[in-house]
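So the chains spell out like this:
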Amino acid sequence: MARLRLRVSGLGEVTMNGAKSYFPVSLFLALAIHVSARQSIDTVPPQTTKVYLEHADVQSFDKLIAADRQVLTGNVRFRHDSSFMYCDSAYFFEQNSSLEAFGTVRMEQGDTLFVFGDYLFYDGVKQLAVMRRNVRMENIQPDSSIVTLFTDSLNYDRISGIGYYFEGGMIVDAENELTSIYGQYSPATKQAIFQDSVRLENPKFTLYSDTLHYNTDTKIATILGPSVIVSDSGTVYTSKGWYNTADNTSLLLDRSEIHSGNRLLTGDSIVYNRATGFGEAFGNIFIRDTLNKIILEGQYGYYNEKTEFAFATDSARCLEYSQGDTLYMHADTFEMTSLDSVGRILKAYHHVRLFRTDIQGVCDSMRFDTKDSILYMHSDPVLWNEQYQLYGDTIKMYMRDSTVDYVLVHPSAFAAQQLDTSAFNQLRGRELYAWFEGKTVRTIYIDGNAETIWYTTEDNGIITDMNKTQSSYLRIWFKDSQMEKLLIWPEPQGKLTPLSLLAPEERTLKDFYWYDYMRPRDKDDIFRRIERNANEKPAKNNIFRNFAP
């Protein structure tokens, strides 16, 4: 048995077969290193560097127990290239350039990377450090801030410059705290990768993810799996994109969703600034107000969380779905503004077309006030209900529980009902009110300059006469879409003419037009672009200009 013991008192004591000899420590270390180097020439693979023992208070080995293992205690220090390893005690396997370190273990690489732990196994051939228990990796950034990795199990590959954990860990920098089951970090590139139960904690939000990349220099988190971002302003659902945690800007892809109060914004891609609350969406955008049951769609749009202003354009469509029968509207542009916690104003600009089974309409500008439940149609508005057509300078629809209560047309109001291709019942006046019962017109009232043309029909549907009247006021009651009662006052004037004696120009009132070719036929027909015939006189007095863009 041979036993070697080295003391730092200046002399080395060698005991072999009972004989003792003493050597200067520096001379003994030089001899040991020289002999070890000569013995390991053939055992260390080429193109690898050797691990050097630089210091230990006590060094010993026992050939009978482990011939290639040195036992070191007290202020142990190793060097491998530019890396240094410190510990309280260690096993050193010099021939294969590996070691086990115990106690207060520290590994240093340059002046920017420090790793601490309770146990270290280091393979100098593979240049792999395996650190266990109470592990802490510190990386000093260019701005002198520190990125710290905490875990109980860390492997650090010096060749790739990557440290990784696989049983849970945390990385903390000046901005964020990130945890996951698996993670890796590159001190050189400042890039971290997290997988499985990822959580990014920021003072202003929390990000939960399946897979996340994070750069500790730029503070940008790259989202590569199902993720949720939660903050006081709302919740974001996404599976792909990036989030700059420094300035709270992000690009969200793959139909990400931003939920803010009663609003939802989604699109093929979204540019979102959490600080300003501004989300800009591109491609198949969808904005929903769950409180007022309104949806905006288009190819481009945006929403401001702070002002609660929404915008949609490019093949834009609006859906009002508070009742079972949805109202579909199309326009070049939609805007939705918040009045208060419950009230909204919806505005539509240019080429407006709307469809619901009970009403259809066209105009060039529209406004809907959800608080007052009034829908305003301006600039050449036309409204249809079953076989009735209403038009004038302005149309106001007063809603009750999202169904039409009554309609006001003014000024220059006109109503028409088609009987056949050449016969139309007609009403004309200064203001026209039409009250609904269910989904059909029940009563019409004309206030001022009332004129009518009403055709008389037999039971078999044959038209026999035309009745033309003039008065100041008029009221008509309908039942089953037929006139039930007519009241005209004061001092009405009227004329009944047989159909056979009518000239073509006598069959209609002034400013009569039949716009059926413009009427939306279904919810998809609202996208059809129809221009008014040039010979048809447009309506006057576009009072909607006051709030048009």
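Please read these numbers as outputs of a predicted model, since none were measured by experiment.

A. Summary view of the environment of Leu-252. Structurally, Leu-252 is set in strand 22 (residues 249-253). Using a relative accessible area of 0% as the deciding quantity, one classes Leu-252 as buried. Placed 18 residues apart in sequence, Leu-252 and Ile-270 show a C-alpha to C-alpha distance of 5.0 Å. Apart from residues no more than four positions distant in its own chain, Leu-252 is found in contact with Val-236, Thr-238, Lys-240, Gly-241, Trp-242, Ile-258, Asp-268, Ser-269, Ile-270 and Tyr-272.

B. Geometry of the pairing of strand 15 (residues 182-186). Burial analysis of strand 15 places four of its five residues in the buried class, which makes it a mostly covered element. Where strand 12 (residues 162-165) meets strand 15, three bridges bridge the pair, whose relative direction is antiparallel. The partner of Tyr-165 across the bridge, within strand 15, is Gly-183. Pairing of strand 15 with strand 16 (residues 191-202), which is carried by five bridges, proceeds in the antiparallel orientation. The residue bridging Gln-184 from the neighbouring strand is Ile-193, located in strand 16.

C. Layout of the pattern of salt bridges. Considering all chains together, one arrives at 25 salt bridges under this definition. We note a salt bridge from Glu-94 to Lys-50, for which the minimum N-O separation is 3.3 Å. Taken together, the positions of Glu-94 in the loop between strand 7 (83-93) and strand 8 (98-109) and Lys-50 in the loop between helix 1 (25-39) and strand 4 (52-55) put the pair 44 residues apart, joining distant regions of the chain. As far as the burial class goes, Glu-94 and Lys-50 line up, both buried. Notably, a salt bridge pairs Arg-106 with Glu-108, separated by 2.7 Å at the nearest N-O pair. Its relative accessible area of 17% is what places Glu-108 among the buried residues.

D. Examining empty space enclosed by the protein more closely. Applying the stated criterion to the full structure yields two cavities of 30 Å³ or more. Around the second largest cavity sit Tyr-388, Ala-415, Ala-416, Gln-417, Asn-425, Leu-427, Ile-444, Trp-454 and Phe-478, which together line it. At the level of elements, strand 37 (413-418), strand 38 (424-429) and strand 40 (440-457) are the ones that each hand at least two residues to the lining of the second largest cavity. No other element matches strand 37, which puts three residues into the lining of the second largest cavity.

Parameters and conventions
- For every chain, the first residue of the written sequence is number 1, and numbering continues from 1 onward in sequence order.
- Since the coordinates come from a predicted model, pLDDT governs what is reported: local features require at least 70, and pairs of side-chain atoms require 80 or more to be given and counted, while whole-chain, interface and lining totals use all residues.
- Side-chain numbers come from the whole structure's heavy atoms, not from hydrogens or water.
- Think of it this way: any DSSP run of H or I at least four residues long counts as a helix, any run of E at least two long counts as a strand, and we number them from the N terminus.
- The buried label goes to any residue with under 20% of its type's maximum accessible area, the exposed label to any with over 50%, and the partly exposed label to all in between, with areas taken from a 1.4 Å probe on protein chains only.
- By definition, residues are in contact when any of their heavy atoms lie within 4.5 Å.
- Strand pairing follows a simple DSSP-based rule, namely that at least 2 bridges must link the two strands.
- Throughout this description, the term salt bridge denotes a Lys or Arg side-chain nitrogen within 4 Å of a carboxyl oxygen of Asp or Glu.
- As defined here, a cavity is a set of points on a 1 Å grid over the protein atoms alone where a 1.4 Å probe fits but cannot get out. A pocket is an open set with protein on both sides within 12 Å along at least five of seven lines, and residues line them when an atom is within 4 Å of a point.
- Grid points are joined across faces, edges and corners, and a volume is the space filled by probe spheres set on the points.

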